[in-house]
Structures are given as structure tokens and as C-alpha cells.
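# Results of the structural survey
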Amino acid sequence: MNILVLGSGGREHTFAWKIAQSSKCDALFVAPGNSGTAEIATNVNIGVNDFKAIKELVLDKNIELVVVGPEDPLVNGVHDFFLNDDDIKHVAVIGPQQKAAELEGSKEFAKEFLYRHNIPTAAYDSFTKDTVEKGYTFLETLNPPYVLKADGLAAGKGVVILNDLVEAKAELKSMLVDAKFGEASNKVVIEEFLDGIELSCFVLTDGEHYKILPTAKDYKRIGEGDTGLNTGGMGAVSPVPFATDEFLQKIEDRIVKPTIAGFKTDNLPYVGFVFIGLIKVGDDPKVIEYNVRMGDPETEVVFPRLKNDLVEVLLAMANGTLDTIDIEIDERAATTIVLVSGGYPEAYEKGKEITGIETIEDSIPFHAGAVLKDGKIVTSGGRVMAITSYGDTYQEAIKKSYQNIEKLHFDKMNYRKDIGFDL
Ligand code: AMP
Ligand code: GLY
């Protein structure tokens, strides 16, 4: 069958890499894709939110399966767009419908869902411009640090954590009254601070059944020792060494089961990936957030460990037969190190030639913000490439990635040299 992946990051290159290995895949398209997907699929220069152009492509190329990478088109209703159009409603779309995508699109919606289904999470309240004074009072009842979250999508920048009450109040005002994050901060969720180590759990669902993929841990801060600004993710490790069987069982019983059951009870149509951001507080998992897609760079370590034919798994999700699939996982650890443009996550330059990719041995270079230009591979984004390796231990895998990174070059290339330091 002909398959389309929407997106252009390292996550989407990994999707394409895994789908291209399936005997069920005849032709693979990626929109808009990057220099990595160009090597294994046909890139089509269409934006992920240009639903009309996506429909034309799907009809023109006889595409029967669409895999949505990022959250934006899901929150904008791409799945609903297919279902509401007689010409394309037969096409299988992997990704929840708009109503369910609100779990990522609105922090308040997610918190209400978590509370309604008794899923462990931080205590919270939410506020608007009209209730900003109440917000100040609520902050006074909390102990620092103070966690403020813009309700809507803010490109990963909408969470602010502050130690000082005066600063927290000023930030709340800036978000609500001065629209710091635009419409995304029309509403702000204030949360109890949870102290612990983070990990991510990935669940596949057809709306009825679920399967759990390996856990992963990503490294969000730009600086070594988890310091500096937040990024999309600077590296990842799977499995997470501190996630023991006992702890994983708690995640399944207390979080995964009620989440999937909650989708049904609340009538949230969900065929896709559920990315559950967790924090281990003492010995117990608590939910920090839901994302309605796979993580990036977590996909670059989770999918390489999946032994199944991904297309078979995706079709079972679309057909409601996920219960018939046995997920098989590679015992080896996988790690990835993300190479970024100097300056990222603030301003950075683009168009720098990347060299040395062909000399990589025993690692997989997943391209992210990299495109083909005049026969050369050049940088086009903040996160440029994710170098994934396997190992009997995560330490061994990390070592391989770093050895290969030595052979890569682009002007002002930056990366963290301490991925896995805290495990
Ligand atoms: P989110 O966008 O909700 O994932 O939040 C971004 C980051 O902020 C998370 O990855 C955590 O590191 C941190 N964070 C969010 N909520 C909390 C919380 N309640 N307590 C502690 N840290 C948090
Ligand atoms: N790596 C975190 C995310 O994909 O949101």
C-alpha cells in the first residue's frame, strides 16, 4: 500500500525508516520531509496543516494510510477532515480526532481528564484574565517552586517554573493580562511542583485496546547537567534503567488503563500514539502531561527497538485489532544524541553544510532540521540530526554515538556531551 507520513523532523525520519522496512509498503511519501526522508521516500513540499493539498496528494498517489507526526495538525483536526470528506474517509489516519487531541491542545482539558479518572497528577487550579487576583491568592497557598503553564500550544515554551513568589505573580500577569504566549495563555494552569526524575511512556491504542512501547528518557535542557533553556530534546535513552518491572506495573495499572478507559467513557475518539510524560515521585508515577503523538527524540530510540513490522501495527490500530498484535522488543538499549545549530534554542543560523554522514559506522543518523540543497545536505533548523546507536548497555550505545559524532561536522555544531549522566 501507499503510505504518507506528515512532518519533517527526526521523529518523521524514524517513522519513514521503519515503514520503509515493511513489505506492506509499496510507495512512501513524506510531507514535507527532510534530507533523511529524501533518501528512502518521496518528499512532497506540502505543509502539515495544508489539509486541502494533503487531500489532493492522497487522491493523486492513491495513499491508504496517513501517519501524523506532530501535534499541530491533530489539534487542528486533520483526522476529522478525512472522516468528513467522502473522497478520503476510507483512508486510515493514525492520530486522534480533534476532540481527543485537546489532551495536548489544552492543559486544563488534560488536568480535568486526569482528575475525572483519578489518575495521579499534580494538584492544580486554572485562571483567566478575569480571575488573575484569585491566581495571586492561589500562588500564596503553594510552596515554591511555582509551576505556571499556558493552557494552549506554545511550541514547548509555555511552562514556566519560578522560585520566587513575586516573580511568579508577575509571570502570571504577563501570561494572562499581557498575553505573553498570545492566545495560548488566555488561560493559565498553576500546578503543585512535583520533585522527582522524569520519564516518558508510549502507548499505542485503537480506541479499545492498547499496547505499551518501551519507556524512554529525554534530556530537555540545552546545557550539560540539565541546565539552561528548554529545548525540544537533546538526547534520549531507552529503556529507562530506573523503571523497574514493579514501577512499570504501577504505570500500567494506575495510568495507562484508566487513560484508555477514560477515552471511551468520555467519547474521545483515539487511534494513535499516547505519549505520557511522567515523573517518579518517591516510588510512584505521576502524570505531568499528555501528548497526542510520539516524542522527538524519543521516537529515535523507541522505534529502533521495536521488532514488529510497523505497518502491520499501524493497520491493527486503524482496524481496531490491536489485541491481535504481540509487540516484540529488542533487548538492547538504544540511545540518541541530538546535534543542534549553535545558538539554539535561541536564534541560530541555517544553511550550513553537514559533512561526514557517509562515514558513520554502526549508528543510525536520523535527519531532523536538514535539507538537500544543490546536492548538499545543509542545516535548516535548530535540531539538525539525531545519532542513534544500540548497545548491550546504554553506556555502550552512548559511546558509539559519540564516536560517530566525532566524524560529523557543520559550522557551529553543538551537542550535549553528558547524555545519560543521571542514570
Ligand atoms: P510540560 O510542557 O507540561 O511537559 O512541562 C515542561 C516541563 O516542565 C516538564 O518536562 C517538567 O520538567 C516540568 N514540569 C511540568 N510540570 C511540572 C510539575 N508539576 N512539577 C515539576 N516539574 C514540572
Ligand atoms: N521530547 C519531548 C517531546 O517530544 O515533546
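Because the structure is predicted, anything quoted here is derived from the model rather than measured. (Residues numbered from 1 in each chain as written. Chains lettered and ligands numbered in written order. Predicted model: local features only at pLDDT ≥ 70, side-chain atom pairs only at ≥ 80, totals over all residues. Heavy atoms only, no water.)

With that settled, the discussion passes to the site of ligand 1. Around ligand 1 lies a shell of 14 residues, among which Glu191, Glu192, Leu194, Glu198 and Glu289 are the nearest. Side-chain polar atom of lysine 107 to an oxygen atom of ligand 1: 3.1 Å apart, as the coordinates give it. Here a nitrogen atom of ligand 1 sits 2.7 Å away from a polar atom, N or O, in the side chain of glutamate 191. Contact with the protein chains covers 88% of the free accessible surface of ligand 1, which is 470 Å². (Near = heavy atom within 4 Å. Polar contact = N/O pair within 3.5 Å; in protein donor to acceptor, adjacent residues only side chain to side chain. Areas by Shrake-Rupley, 256 points an atom, 1.4 Å probe, with all protein chains shown as cover.)

Looking now at the packing of aromatic side chains. For the coordinates displayed, the defined rule picks out 15 aromatic pairs. Taking 5.3 Å as the distance between ring centres and 85° as the angle between the ring planes, the aromatic pair formed by tryptophan 17 and phenylalanine 366 counts as edge-to-face. Placement of tryptophan 17 in helix H1 (residues 10-19) and of phenylalanine 366 in strand S19 (residues 364-367) is noted, with a sequence separation of 349 residues between them. Each member of the pair, tryptophan 17 as well as phenylalanine 366, carries the same accessibility label: buried. Ring centres of tyrosine 402 and tyrosine 415 lie 6.1 Å apart, and the angle between their planes is 35°; on these two criteria the pair is classed as tilted. With tyrosine 402 in helix H13 (residues 394-405) and tyrosine 415 in the segment after strand S23 (413-414), this pair connects stretches of sequence that are 13 residues apart. (Phe/Tyr/Trp six-rings, centres within 6.5 Å; stacked < 30°, edge-to-face > 60°. Helix = DSSP H or I, 4+ residues; strand = E, 2+ residues; numbered from the N terminus. Buried < 20%, exposed > 50% of the residue type's maximum accessible area, 1.4 Å probe, protein only.)

What follows concerns the sheet that holds strand S17 (residues 284-291). One open sheet holds the four strands; their spatial order is S11-S10-S16-S17, and the pairing between them is antiparallel. Among the strands making up the open sheet, the edge pair consists of strand S11 (210-212) and S17. Strand after strand, the sheet turns through a mean of 35° between neighbouring axes, direction not considered. Bridging between strand S10 (residues 197-205) and strand S16 (residues 272-281) involves nine bridges; their strand directions are antiparallel. In the strand pairing of S16, threonine 205 is matched with glycine 272. (Pairing = 2+ DSSP bridges. Axes fitted to C-alpha atoms, helices over the stretch in contact; angles between N-to-C directions.)

Feature annotation in UniProt assigns "domain: ATP-grasp" (unreviewed entry) to the following positions: residues 111-319. Strand forms 30% of residues 111-319 and helix 30%; the C-alpha atoms that close the span are 30 Å apart. (UniProt positions renumbered as here; feature names shortened; annotations may be inferred.)

Read from one edge to the other, the open sheet built from five strands follows the order S3-S2-S1-S4-S5, with strand pairing classed as parallel. Looking at the sheet topology across the chains shown, the edges are occupied by strand S3 (42-43) and strand S5 (92-94). Direction of pairing for strand S1 (residues 2-7) relative to strand S2 (residues 27-32): parallel, over a ladder of six bridges. Within S2, the residue paired with glycine 7 across the bridge is proline 32. Across the sheet, H1 touches S1, S2 and strand S4 (63-68), and the angle it forms with S1 is around 165°. (Contact = heavy atoms within 4.5 Å.)

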